[in-house]
Amino acid sequence: MELNSVKDGMDVRDGVTGSLPADVDVLIAGAGPTGLALGIDLARRGVRALLVERQDRLSPGARGTGLQPRTQEVFDDLGLLDAIRAAGEPYPQVALWKDGRITETHTMVERVAPTPAAPWSDTLMVPQFRTVRLLHERLCQLGGSVLLGTELTDFGQDADGVTARLRLPDGAVHTVRAGYLVAADGGRSTVRRALGTKMSGPSLPEGAALLADLRIEGLDRDHWHRWMLPNGGFAMALPLAGTDWFQTFVVAFTDDVPDAAPEVVRAALARHTHLSAEQLGEVLWSSVYRPRAGMADTFRTGRVFLAGDAAHIHSPAGGQGLNTSVQDAYNLGWKLGQVLRHGAPDALLDTYEAERRPIAARILETSTRLHTSGSLRRGRDLHQLDIGYPDSPLTRELRTDLPEGALRAGDRAPDAPCHTPGGKPVRLFDAYRGPHFTLLALGGAAVDEAALPADPALLRVVRVGGPAPDLIDTDGHVRDAYGSGPAVLLVRPDGYLALAAPAEGATEQVRAALATHLGEPAARTR
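Everything numeric in this text was worked out from a predicted model, so none of it was measured. (Residues numbered from 1 in each chain as written. Predicted model: local features only at pLDDT ≥ 70, side-chain atom pairs only at ≥ 80, totals over all residues. Heavy atoms only, no water.)

(A) Representation of the overall build of the protein chain. In terms of helices and strands, the protein chain carries 12 helices and 29 strands. Whereas a compact globule of 526 residues would reach a radius of gyration of roughly 24 Å, the protein chain reaches 24 Å, a difference of no more than 12%. Principal-axis analysis of the C-alpha atoms gives the protein chain an extent of 75 × 55 × 40 Å. Across the 526 residues that make up the protein chain, the buried fraction comes to 55%. Within the protein chain, residue pairs in contact and separated by at least 24 positions form 70% of the contacts whose partners lie at least 6 positions apart. Of the roughly 20,900 Å² that the protein chain leaves accessible, carbon and sulfur atoms contribute 49%. Each charge class in the protein chain can be summarised by its mean position, and for the 55 positive and 65 negative side chains these summaries are 1 Å apart. (Helix = DSSP H or I, 4+ residues; strand = E, 2+ residues; numbered from the N terminus. Rg over C-alpha atoms; globule rule 2.2 N^0.38 Å. Buried < 20%, exposed > 50% of the residue type's maximum accessible area, 1.4 Å probe, protein only. Contact = heavy atoms within 4.5 Å. Areas by Shrake-Rupley, 256 points an atom, 1.4 Å probe, with all protein chains shown as cover. Lys, Arg positive; Asp, Glu negative; His and termini not counted. Charge placed at Lys NZ, Arg CZ, Asp CG, Glu CD.)

And the structure:
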């Protein structure tokens, strides 16, 4: 996108330029949602990461406003969901305008009632600049920081690490040595281009649109406003949660190349809506959007990884891009932590591409289909709760004769309200929250904890039911979500089932799975 104006109030500078490290575990290029989410996940694992951002401020603009339910679960684990939900709102109904009046209203973003298994069931509308700001605040709480105004100019890698050169805000060059480099530097990724990694994908219809955040007087904030143009184009104005601004989008289908200057934005809105020039106020941010779609041919080259828009570019149709990008970081973060802190084999990092590239392909197909059809509908099929890794080399389903629709290894681990033996309400998500694996022993399944790692930073055992339970399935929600038979389920740090095994021989099966995920040294008993 081509950027125009930004408010000085968006500026954030971290005072780290005087003490730059010469070596780190992970260098992250790009401090958008992807890079910040990865930085948070690594910080809570004690991994030394340096996060650099070419721009001299955090990313402005409302941009991607929809946080899907699965991303809200990720933010819950990362410790910032309360702040995110306080900053967001549900999407309002769409109001269709014609001849200066609202002629009909309809629901574009489906509302879904929460369930015990999915407590956050609606897409949440949060301006992206606020999501970025809250991610940054959480990173700082964990002792991390962002080096703004710093550009990764070039890098080289060898068998032991990556050597990168950074241009600092004052023009000085700093060399840093990192174990791994993660490119979260957007669709025009400098790192991806330096690697020579190609992007491939479908062609989207050519065209351009104006995207802008501005103040509008006299337009109600109870609707997502839409005006249809005679040539099939449209204009929209979304009241942004927690602000007095609107996000506007104008698709005019003309041969003119749009200009993102504030006066052009206001003129386009006055021309294509019933709004007068006097109602259109300050433009806080604006951009020209040109549809692109594609996916990198590989997500890993040696010690360099691509994540977020650097790995895959989507149409905004369906609100999938930011969400998919954050979950890239969530998948990669725990694996880097296991390798760097607990001695897991480097081959564990190969599963990042094996797991995330098929997901990116699926999301690319979905968003392209919605873009081509012109559909703006957003239903529960876009919530990303059904995403899983059943075909991953890390997934082991050892049970037989499972009923149709039963939860299986590779699936997302659902939530379930429970109680402690003392009667305190607890959710399964409370047990999962943190950088550790969680072993659920269900229905009295016997597990020899003495034969498993004792470090709670690696593994926590939670018994549900049985003679000495940690949790009581008071209302049967665990049974409904996970099944009733005795079994052991190993939940990965990113909330997916790595192993599902019958009770017989469970301890050895868990040890074998942990050896794959943790490496033999960490999997040994302590």
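That covers the picture; the talk isn't over yet.
(B) Quick peek at the packing of helix H1 (residues 33-43) against helix H7 (residues 321-342). Viewed as axis vectors pointing N to C, H1 and H7 meet at an angle of 30°, and their least axial separation amounts to 8 Å. It follows from the interaxial angle that H1 and H7 lie roughly parallel. As for the relative orientation of H1 and H7, their crossing is right-handed in sense. Along the contact surface, H1 presents Pro33, Thr34, Ala37, Leu38, Asp41 and Leu42, while H7 presents Leu322, Ser325, Val326, Ala329, Tyr330, Leu332, Gly333, Trp334 and Leu336. Here the residues of the contact of H1 with H7 sort into 11 nonpolar, three polar and one charged. (Axes fitted to C-alpha atoms, helices over the stretch in contact; angles between N-to-C directions. Parallel < 35°, antiparallel > 145°, perpendicular 65-115°, else oblique. Left-handed = near helix turned anticlockwise from the far one by under 90°. Nonpolar A, V, L, I, M, F, W, Y, C, P; charged D, E, K, R; others polar.)

(C) Highlighting the sheet that holds strand S13 (residues 199-200). Taken together, the three strands give an open sheet; going across it, the order is S13-S19-S22, and neighbouring strands pair in antiparallel fashion. Each having just a single partner strand, S13 and strand S22 (312-313) make up the two edges of the open sheet. Relative to strand S19 (residues 294-296), S13 is paired through two bridges, and the arrangement is antiparallel. Along S19, the bridge assignment pairs Met199 with Ala296. (Pairing = 2+ DSSP bridges.)

(D) Molecular detail of helix H2 (residues 69-78). Within H2, 10 of the 10 residues are buried, which leaves it mostly tucked inside the rest of the structure. If you check which residues of H2 are buried, you get Pro69, Arg70, Thr71, Gln72, Glu73, Val74, Phe75, Asp76, Asp77 and Leu78. Gly79 sits one or two residues past H2 and shows a positive phi near 90°.

(E) Main features of unusual backbone geometry. For Arg63, which is not glycine, the phi torsion reads 40° and is therefore positive. Positioned with a positive phi, Asp99 is a non-glycine residue whose angle comes to about 55°. Following the sequence through the fold, Asp99 ends up in the loop between strand S6 (93-98) and strand S7 (101-106). What makes Asp99 exposed here is its relative accessible area of 74%.

(F) Structural view of the environment of Gly242. With respect to the helices and strands, the residue Gly242 is situated in the loop between strand S16 (234-239) and strand S17 (246-251). Sequence separation between Gly242 and Ala87 is 155 residues, and the spatial gap between their C-alpha atoms is 6.1 Å. Setting aside its immediate chain neighbours within four residues, Gly242 contacts Glu89 and Arg130.

(G) Inspection of the nonpolar core at higher detail. Formed by 115 residues in total, the largest nonpolar core has its most connected members in Leu27, Leu336 and Tyr482. With eight residues, the single largest contributor to this core is H7. Excluding residues that lie within four positions of it along the chain, Leu336 makes contacts with Val26, Leu38, Leu42, Tyr180, Val182, Phe305 and Leu349. Grouped together as the second largest cluster of nonpolar side chains are 21 residues, Ala62, Ala209, Leu211 and Leu284 included. (Core = buried A, V, L, I, M, F, W, Y, C linked by side-chain atoms within 4.5 Å.)

(H) The sheet that holds strand S27 (residues 459-464), seen in detail. Within the open sheet, the five strands sit side by side as S23-S29-S28-S26-S27. Their pairing is mixed. Looking along the sheet, the strands with just one partner apiece sit at the ends: strand S23 (396-397) and S27. This element, helix H11 (residues 506-518), spans S23, strand S26 (437-442), S27, strand S28 (487-491) and strand S29 (497-502) of the sheet and lies at about 165° to S29.

As far as function goes, none of this settles anything; it's purely spatial.
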